[in-house]
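Next come the chains, spelled out residue by residue.
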Amino acid sequence: MPLILSKYKHPSFILSVLVALGILSVLIYKASKTSFTHDEAFTYTHYVHQGFFDIISFKHPYLNNHILNSLLMKYSEMLFGKSELALRLPSILGFVIYSVFGLLWLFKICPRLILPCYILLVLNPYLLDFFILARGYGLSVGFLMASVYFISLYLETYSSKPLIYHHIAVLLAIFSNFSMLNYFVVSFVVLNLILLTNFYFVKKQFTRQQLISFYKVSAVCFIGYVVFLFEPIRRLTGITLLDFGGKEGFMMDTVRSIIYDVFYEQAVSDELLLILKSLSVVVFITGLIISGYMLFKKTVFLITQHMVLFYSSFLLFGMVSVSVLQHYIIGNDYYLHRFAIFYYVVFMINLCALLAYLHQRVASFVSVALSALGAILLLINVSVNLPLHYFKDWKYDMSTKQVMQVLQQKQQEQPNKKIQLGVNWLFEPSTNFYRIIWDLKWLAPTHRNGISNTDDYLYLFLTDKEWQNYQHLPKLLENKVSNTVLVQQQSF
């Protein structure tokens, strides 16, 4: 054990851990300060308080219900209470899992590049949002990263233990977000390609017994997948998976949305978009060409960097191919924004694997320079585009907590008064969330039926057409960033 721990005393590894802890502290701060949002609140009010088996079996199928996140929110509330931070702890745990296995994986494939490559994996402000928000996306990419690490370990040792851990990580990733079903299928196909190629061309390194052991373990794990996933997937087939995504193409929709999200709300010029798209294609094609050459020359399994690049390149190729095939065969839209966030992670895994390969096979200074440049640019970007008081996709909810605090103050003027808050429908989940967790018995439940003249207070967008009729009312709170306003309609 001391020998194992001593190798992680490398200065670059320690520095990377300190960077990870710094990012974690920022995430915790933002998680504790920002208002709960529409989707988080909907999950809390509709799913978290169901029974264990109702949650795990996906009894109420809806894309908002990320099974593992709902389950962990349930038990986090039991242990730590009803605060925003307590309910967001599962997603913060996703960041910890992502960072731990990301750092272990990077240290394994190229210790000298661990810090800049870790920054490439993590410092996307849009990705960081989902390591805070009480949704399943952060957990899913955390377990995806764990899976990649265990596959790398398995390809070094061919031991059953890391293979089993890989399957457990994949199962948890699927329970976190059903989009990970694509990763499950593609990763299994690519792993089979590697092992069969190894068996037929490098028999000294991979024996028939090891191949049989692989399929035995995989068969047992597949039974586990069926047992745990049959009922959720059966229910999932009864709902529309994604009918509000892109329809133009993978590059036009998925890649473009990922690039836009990296820059958060900052405008991206057409020229910069073209440059970044071109660079992503260069990385993608370069990895495939090198991997194809290694396969042709039968040198895939010479060193760790070869195996990792081969796996990550074909993993990315397979996941892109599956998305395109799903669009043309079953009519699924192309993934956009938060639904596509795992593509960013897979792409960066492929980029880091390519940089590690170049560091070992070409010229180390090239990989160091490229990774350092990318890391510096992402550092600059995140310092400009990481707001600590709202989330991009739910910016409109940034004042909801403050609105509810204002209502608490106003209620003290008439302690026995039952208050009705009229809201734009988008604010219904978050306002009811605070009504529930703060036990505001004096506040009637908000609804999605519109506002009325009998509402005591109104919480609206300044762009709502109804606002034209209430502009004369006194404003209790106005937020120019979210374009929202709270007014008092009834005087007491």
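Remember, it's a predicted structure, so these values are computed and weren't measured experimentally.

Caption draft 1: Up close: the overall build of the chain. Along the backbone of the chain there are 19 helices and four strands. Taking 492 residues into account, the globule formula puts the C-alpha radius of gyration at 23 Å, and the chain, at 25 Å, falls close to it. By its C-alpha atoms, the chain is 85 × 50 × 45 Å across when sized along the principal axes. Looking at the chain as a whole, 58% of its 492 residues are labelled buried. Looking at the chain alone, contacts between residues at least 24 apart form 75% of all its contacts between residues at least 6 apart. Within the structure as shown, the chain displays about 21,500 Å² of accessible surface, and the carbon and sulfur contribution to it stands at 66%. Taken together, the 37 basic and 26 acidic charged side chains of the chain have centroids lying 13 Å from each other.

Caption draft 2: Examining the packing of aromatic side chains more closely. For the structure shown, the criterion picks out 33 aromatic pairs. Consider the rings of Phe 188 and Phe 214, whose centres lie 6.3 Å apart with planes at 15°: the pair is stacked. Residue Phe 188 is found in helix α11 (residues 180-201), and its partner Phe 214 is found in helix α12 (residues 208-236); the two are separated by 26 residues along the sequence. Aromatic side chains Tyr 434 and Trp 438 sit 4.8 Å apart centroid to centroid with 50° between the ring planes, which places their arrangement in the tilted category. Of the residues examined, Tyr 434 reaches a relative accessible area of 0% and is grouped as buried. In this arrangement the basic side chain of Lys 392 is found over the ring face of Tyr 126, its NZ or CZ atom lying 5.4 Å from the centre.

Caption draft 3: Summary view of the confidence of the model for the chain. For the chain, per-residue confidence averages 90 on the pLDDT scale, and 94% of positions sit at 70 or higher. The secondary-structure element of the chain with the lowest mean pLDDT is helix α1 (residues 2-6), recorded at 46, while helix α8 (residues 125-129) shows the highest, at 97. Every residue in residues 1-5 scores below 50 in pLDDT, and together they form zero contacts with partners more than four places removed in sequence or on other chains.

Caption draft 4: Just the pairing of strand β3 (residues 475-479), in detail. Here β3 pairs with strand β4 (residues 484-488) via four bridges, running antiparallel. Looking at the pairing, Leu 477 lines up with Leu 486 of β4. Here β3 hands over to β4 after four residues, with Asn 483 in that stretch at a positive phi of 65°.

Caption draft 5: Looking closely at the nonpolar core. Core analysis: the biggest nonpolar cluster contains 159 residues, and Trp 105 and Tyr 183 have the highest contact counts within it. The contact partners of Trp 105, leaving out residues within four places of it in the chain, are Met 145, Val 148, Tyr 149, Ser 152, Val 308, Ile 349, Cys 352 and Ala 353. Leu 458, Leu 462, Trp 467 and Tyr 470 belong to the second largest nonpolar core, which has nine residues in total.

Caption draft 6: Highlighting the packing of helix α14 (residues 270-297) against helix α16 (residues 341-361). Taken N-terminus to C-terminus, the directions of α14 and α16 make an angle of 55°; their axes are 10 Å apart at the nearest point. By the criterion of interaxial angle, the relationship of α14 to α16 is oblique. α14 and α16 meet at a crossing whose hand is left-handed. Counting all contacts with α14, which are made through Ser 280, Val 283, Phe 284, Thr 286, Ile 290 and Met 294, the residues of α16 involved are Phe 347, Asn 350, Leu 351, Leu 354 and Tyr 357. For the contact of α14 with α16, a count of residues per class yields eight nonpolar, three polar and no charged.

Caption draft 7: Broad picture of the pairing of strand β2 (residues 457-461). With five of its five residues buried, β2 lies for the most part within the structure. Side chains Tyr 457, Tyr 459 and Phe 461 project from β2 onto one buried face, and the interleaved Leu 458 and Leu 460 project onto a second face that is buried too. One ladder, built from three bridges, connects strand β1 (residues 421-423) with β2; its direction is parallel. By the bridge assignment for β2, Leu 421 is matched with Tyr 457. Traced from β1 through helix α19 (residues 428-437) to β2, the parallel crossover comes out left-handed. As judged from the five bridges shared by β2 and β4, these two strands associate in the antiparallel manner. If you follow Leu 460 over to β4, its bridge partner there is Val 485.

Caption draft 8: Structural context of the pattern of salt bridges. Applying the stated criterion across every chain, the model contains 19 salt bridges. Here Asp 456 and Lys 417 are joined by a salt bridge, their closest N and O atoms 3.7 Å apart. Of this pair, Asp 456 sits in the loop between α19 and β2 while Lys 417 is found in the loop between α18 (400-411) and β1, placing the two residues 39 residues apart along the sequence. Classification of Asp 456 as buried rests on a relative accessible area of 4%. Lys 475 serves as the salt-bridge partner of Glu 478, at 3.2 Å between the closest nitrogen and oxygen. Residue Lys 475 is classed as partly exposed on the basis of its relative accessible area of 43%. Linked through salt bridges whose partners overlap, the residues forming this network are Asp 39, Arg 338 and Asp 393.

Caption draft 9: Highlighting helix α6 (residues 84-109). For α6, which comprises 26 residues, the first-to-last C-alpha distance of 37 Å matches the rise-based estimate of 38 Å (1.5 Å per residue) to within 8%. The axis of α6 is deflected most strongly, by about 45°, at Pro 90. With 20 of 26 residues buried, α6 lies mostly within the body of the structure.

Caption draft 10: Spotlight on the side chain of Asn 479. Its location among the elements puts Asn 479 in strand β3. Of note is the side chain of Asn 479, whose polar atom sits 2.7 Å from the side chain of Ser 399. When residues no more than four places from it in sequence are discounted, the contact partners of Asn 479 are Met 398, Ser 399 and Thr 484.

The rules behind the values
- Residues numbered from 1 in each chain as written.
- Predicted model: local features only at pLDDT ≥ 70, side-chain atom pairs only at ≥ 80, totals over all residues.
- Heavy atoms only, no water.
- Helix = DSSP H or I, 4+ residues; strand = E, 2+ residues; numbered from the N terminus.
- Rg over C-alpha atoms; globule rule 2.2 N^0.38 Å.
- Buried < 20%, exposed > 50% of the residue type's maximum accessible area, 1.4 Å probe, protein only.
- Contact = heavy atoms within 4.5 Å.
- Areas by Shrake-Rupley, 256 points an atom, 1.4 Å probe, with all protein chains shown as cover.
- Lys, Arg positive; Asp, Glu negative; His and termini not counted.
- Charge placed at Lys NZ, Arg CZ, Asp CG, Glu CD.
- Phe/Tyr/Trp six-rings, centres within 6.5 Å; stacked < 30°, edge-to-face > 60°.
- Lys NZ or Arg CZ within 6 Å of the ring centre and 35° of its normal.
- pLDDT = per-residue confidence, 0-100.
- Pairing = 2+ DSSP bridges.
- Core = buried A, V, L, I, M, F, W, Y, C linked by side-chain atoms within 4.5 Å.
- Axes fitted to C-alpha atoms, helices over the stretch in contact; angles between N-to-C directions.
- Parallel < 35°, antiparallel > 145°, perpendicular 65-115°, else oblique.
- Left-handed = near helix turned anticlockwise from the far one by under 90°.
- Nonpolar A, V, L, I, M, F, W, Y, C, P; charged D, E, K, R; others polar.
- Right-handed = clockwise from strand over helix to strand, strands pointing away.
- Salt bridge = Lys/Arg side-chain N within 4 Å of Asp/Glu carboxyl O.
- Expected span 1.5 Å × (residues − 1).
- Bend = angle between axes of the 7 residues up to and from the residue.
- Polar contact = N/O pair within 3.5 Å; in protein donor to acceptor, adjacent residues only side chain to side chain.

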